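So you can see what is in the structure, the chains are spelled out below.
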Amino acid sequence: VQLQASGGGLVQAGGSLRLSCAASGRTFSDYGMGWFRQAPGKEREFVAAISSSGGSTYYADSVKGRFAISRDNAKNTVDLQMNSLKPEDTAVYYCAQHRANWATTQPLRYDFWGQGTQVTVSS
């Protein structure tokens, strides 16, 4: 399985970015997907997740109401729309594929990880 994340960059506080992750290697629609992030000196933390069908989504409290996860099973992609960005959202963002058709907040439940894309929010 390969996961290729893109869309990161530098944005001012209050701005928006859209991350995208393209997956290949196994039937995309069979697996939940998640986004995680890791800031310098901090542990990797859960951001958002979506079930295989897209019918269920989950968010960290810190991003709820600002970020939205979505997926396109026809294109094998999962996106993360990030609005009202804050400097504390600065991190490397990783997409990951769950081992089952649901999705959880726990990184150990994800079998495959992308390479990460840097998001920097300036104040």
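Residues numbered from 1 in each chain as written. Predicted model: local features only at pLDDT ≥ 70, side-chain atom pairs only at ≥ 80, totals over all residues. Heavy atoms only, no water.

Draft legend 1. Here's a closer look at the state of the cysteines. Enumeration according to the criterion identifies 1 disulfide in this entry. Here Cys 21 is linked by a disulfide to Cys 95, with a sulfur-sulfur distance of 2.1 Å. Across the disulfide from Cys 21 to Cys 95, rotation about the S-S bond amounts to roughly 55°, and the bridge is consequently right-handed. Of the two residues, Cys 21 is situated in strand 3 (residues 17-24) and Cys 95 in strand 9 (residues 91-98); the sequence distance between them amounts to 74 residues. (Disulfide = S-S within 2.5 Å. Helix = DSSP H or I, 4+ residues; strand = E, 2+ residues; numbered from the N terminus.)

Draft legend 2. Structural context of unusual backbone geometry. With a phi close to 60°, Asn 76 is a non-glycine residue in the positive phi region. Along the chain, Asn 76 falls in the loop between strand 7 (67-72) and strand 8 (77-82). Unusually for a residue other than glycine, Ser 84 sits at a positive phi of about 50°. In this fold, Ser 84 is placed in the loop between strand 8 and strand 9.

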